[in-house]
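An overview of the molecular structure
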Amino acid sequence: MSKIFRYIQVLFLAVLLLSSVQGQERVAESQELNQDTINRQGPTDPDELESFLDGIMAVHLESYHIAGATLSVVKDGKILLAKGYGYADIKNKKPVNPEKTLFRPGSVSKLFTWTAVMQLFEQGKLDLEADVNQYLKDFKIPDTYPEPITLTHLFTHTPGFEDVWTGMAARSAEDLVPLGEFLAERMPPRFLPPGKLAAYSNYGTALAGYIVQELSGIPFEEYIEENIFKPLGMEQSSFRQPLPPRLAGDMSVGYTFVKGKYEARGFEFINGLAPAGSLSSSATDMAKFMIAHLQLGKYGEQSILEEETAIMMQRQLFTHDPRLDGNAYGFWEQSLNNLRMIGHGGDSTLFHTSLVLIPERNLGFYISYNSTGGAGAARDELLQAFLDRYYPMPEELEPEPSPDFLERAGRFTGYYGMARGVFSTYEKIANLMMVIQVKTTEEGTLLTPFPAGLGIKQWVEVEPLVFRELGGQGILVFQENDQGRIANAFVNQFPYFALVKLAWYQSPGFHYTLLAILMILFLSTLGWPLSALSRLVCRRKKDIRSAPWFVRGVAGTISAFYIIFLLGTVMALSDPMEIMFGIPSLLKIALIFPLISAGLTVVALILTYFVWKNRYWTVCGRAQYTLIILASAVFLWFLNYWKLFGFNF
């Protein structure tokens, strides 16, 4: 009887255990089903989405020193969430209101310009493949290359224009230059044939906006208001500078974070390039714009584009390599979490923004911050966190480095400059700070420390000339020239610019080393450090013959002028943002000194002949004098190379 009772107990426990396991399996299956639903549909519950984003935003605003932010998420033709975080005005404790508060989305403004171009295209008023000169009345683009620049090139940032930095901002509304006048007077040189390489161009987009103005017969700002803002009900948006009185009070203050405190800055005036970046808008207004593009031109009963045109605008128009993302008709492509996204980023000096559309999921995501500092990193982290939660991708095995890669790595390593830049004026010196050095690691991978806070990335070769990012989703592709040497590199995350491999004499290391040697030689005329070395090596003789005072005086004056020039230039360019308002007065003064030194160098070369002929000083003294004069000639080459010899404005 006891055996039977024990048997019943064991059987009962087994049933309980089995029930427990089945229950756990049902819970797991339910969780997997819920996660699978999220995977397919993305966010569906506004409250859940808000709770998720609140946690991230709270951390970001504190850790990245961001005063305020505004965001909106749209899905299936509706606003799923619109919310403001932090302050639009710290002093007056004014919170960010997603429906009212205006932020400056910077280059996200370009999407409105390109939408306007496509409106005129579908009306048959312009040809995307025609020479843009046929639409320009008051000025023309020079025929530097046989191929003309078309609107297709402007869409994809491939017209081959140098960048425009100086004068692109104004201190007040009175200083603003009209669009057409600015484009005519500040036209950058063409440095590449159109359609060859992407080199991000604010000027190109502003030129497209000017064409809209010319063909429509009304100011660009008015055209956008009548043909985009009005149909979409975007009442809290404007390209006008200054803002209309009804909107001025809703504009968020922009902030910097200095020495532990937020410092308020004034309204940013975009000078002469308004179609490329002068929009002010609220998060809910931007949501309406996203819905219109996701709904293929429609917003409710209104339409800003025909369906065929809207579909066309989302297609890839240019890429450096078929394995990479590229540019659509104004939109940037981006691939993350196995999703094709299109969108645009935007950065003014104070505001940092991102607009992302996922057409296949009918979803749009918009975020804008009103502070400098870590906002650029914050927006990338926020988007990735959003995608990982609602569109997670399965884990993939990291690629293994090839055993023989280090034997071939030398052809990839070296310095790479950006195709985007200025190459014909004094601003060329800024290119020294925009260089990427590709290195190898002991593990057989490539290492790329990107500038401007973009981080360090590690790459593994997965096929010839193609590399995948370790711990990320990036793709790096190299391109050979006709001789089979590496000429360019392209990164998937940045379809709007290309990297160009630099020769040894173009590398920052060469120029920094050369500059250091030259400065040591110039300082030696002041008694340090070569003069001391000269006295140590060459003992002074009693019957040494001294040169006339002006011989040494010429060399000393040359050296002093170069040192003054260098100090003045460093001071003038110490704040790159100031260049946006115009050429610093101190730089104009500093540039005079090399011109005087050039004339004195010619005199000194003649004097060098007499120094050796008449055996002035010791041999070491004569050698030092000669080195200083030769250093002057080399420094003049250095300045000319960086467009700092003369007034190259």
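In the block above lies the structure referred to throughout.
It should be emphasised that the depicted structure is a prediction, and the values quoted were computed from it without experimental measurement.

1. Observations concerning the overall build of the chain
- Broken down by element type, the chain carries 20 helices and 23 strands.
- Taking the principal axes of its C-alpha atoms as reference, the chain extends roughly 125 × 80 × 55 Å.
- The burial tally for the chain puts 51% of its 649 residues in the buried class.
- Contacts in the chain between residues at least 24 apart in sequence constitute 68% of all its contacts with a sequence separation of at least 6.

2. Regarding a nonpolar patch on the surface
- A surface patch of nonpolar side chains, about 710 Å² in accessible area, is lined by Met 571, Leu 586, Ile 589, Ile 592, Leu 595, Ile 596, Phe 647 and Phe 649.
- Secondary structure elements with two or more residues in the nonpolar patch: helix 18 (585–590) and helix 19 (592–613).
- When residues in the nonpolar patch are grouped by element, the largest group, three residues, is from helix 19.
- Looking at the element boundaries, Ile 592 is found in helix 19.

3. As for the side chain of Thr 158
- Structurally, Thr 158 is set in the loop between helix 4 (151–155) and strand 4 (169–170).
- For Thr 158, a relative accessible area of 1% translates into the label buried.
- With residues near it in sequence (within four places) discarded, Thr 158 still touches His 153, Pro 193, Pro 194, Gly 195, Leu 197, Ala 198 and Phe 318.

4. Describing the sheet that holds strand 13 (residues 339–347)
- The strand order 3-2-1-15-14-13-12 describes an open sheet built from seven strands, whose pairing is antiparallel. Of all the strands in the sheet, just strand 3 (94–95) and strand 12 (332–336) have a single pairing partner and so form its edges.
- The strands touched by helix 12 (residues 375–390) within the sheet are strand 1 (68–75), strand 12, strand 13, strand 14 (352–358) and strand 15 (363–369), with strand 15 carrying the most contacts at an inclination of about 155°.

5. So, the packing of helix 3 (residues 110–122) against helix 7 (residues 220–232)
- Contact geometry of helix 3 with helix 7 gives a least axis separation of 10 Å together with a crossing angle of 75°. Considering their axes alone, helix 3 and helix 7 lie roughly perpendicular with respect to each other. Facing helix 3, whose interface residues are Phe 112, Thr 113, Thr 115, Ala 116, Gln 119 and Leu 120, helix 7 presents Phe 220, Tyr 223, Ile 224, Asn 227, Ile 228 and Phe 229.
- Considered class by class, the residues forming the contact of helix 3 with helix 7 number eight nonpolar, four polar and no charged.

6. Observations concerning the sheet that holds strand 16 (residues 414–418)
- The eight strands lie next to each other as 16-17-18-19-20-21-22-23, forming a closed barrel whose pairing is antiparallel. Recorded for the sheet is a direction-independent mean angle of 30° between the axes of neighbouring strands.
- Where strand 21 (residues 475–480) and strand 22 (residues 486–491) come together, five bridges link them in antiparallel fashion. Bridge assignment links Phe 478 to a residue of strand 22, and that residue is Ala 489.

7. Quick notes on the pairing of strand 15
- Most of strand 15 is tucked away: seven of the seven residues are buried.
- Across the two faces of strand 15 the burial is the same, with Leu 363, Phe 365, Ile 367 and Tyr 369 and Gly 364, Tyr 366 and Ser 368 all buried.
- Sheet topology places strand 1 next to strand 15; seven bridges connect them, and they run antiparallel. In the strand pairing of strand 15, Thr 70 is matched with Ser 368.
- Remark: four residues form the turn of the hairpin made by strand 14 and strand 15, two consecutive strands paired antiparallel; Asn 362 in that turn has positive phi of roughly 55°.

8. Side note on the packing of aromatic side chains
- One pass over the full model with this rule turns up 45 aromatic pairs.
- Taking the centre distance of 5.8 Å and the plane angle of 65° together, the rings of Phe 112 and Phe 229 count as edge-to-face. Highlighted residues: Phe 112 in helix 3 and Phe 229 in helix 7, separated in sequence by 117 residues. Here Phe 112 and Phe 229 have matching classes, each one buried.
- Centroid distance Phe 412 to Phe 478: 4.8 Å. Interplanar angle 50°. Geometry classified as tilted.

9. Considering the pattern of salt bridges
- In this structure the tally under the stated criterion is 18 salt bridges.
- Glu 263 is the partner of Arg 265 in a salt bridge, and the nearest nitrogen-oxygen pair spans 3.1 Å.
- Taking relative accessible area as the criterion, Arg 265 reaches 39% and is therefore assigned partly exposed.
- Residue Glu 263 is classed as partly exposed on the basis of its relative accessible area of 30%.
- In this structure, the salt-bridge partner of Asp 347 is Arg 379, at a minimum N-O distance of 2.9 Å. Here the residue Asp 347 occupies a position in strand 13, and Arg 379 occupies one in helix 12, the gap between them amounting to 32 residues.
- A single network of salt bridges, built from pairs that share partners, joins Glu 50, Asp 54 and Lys 83.

Conventions adopted
- Residues numbered from 1 in each chain as written.
- Predicted model: local features only at pLDDT ≥ 70, side-chain atom pairs only at ≥ 80, totals over all residues.
- Heavy atoms only, no water.
- Helix = DSSP H or I, 4+ residues; strand = E, 2+ residues; numbered from the N terminus.
- Buried < 20%, exposed > 50% of the residue type's maximum accessible area, 1.4 Å probe, protein only.
- Contact = heavy atoms within 4.5 Å.
- Patch = residues over 30% accessible without salt bridge, like charges linked within 9 Å, V, L, I, M, F, W, Y side chains within 5 Å.
- Areas by Shrake-Rupley, 256 points an atom, 1.4 Å probe, with all protein chains shown as cover.
- Salt bridge = Lys/Arg side-chain N within 4 Å of Asp/Glu carboxyl O.
- Pairing = 2+ DSSP bridges.
- Axes fitted to C-alpha atoms, helices over the stretch in contact; angles between N-to-C directions.
- Parallel < 35°, antiparallel > 145°, perpendicular 65-115°, else oblique.
- Nonpolar A, V, L, I, M, F, W, Y, C, P; charged D, E, K, R; others polar.
- Phe/Tyr/Trp six-rings, centres within 6.5 Å; stacked < 30°, edge-to-face > 60°.

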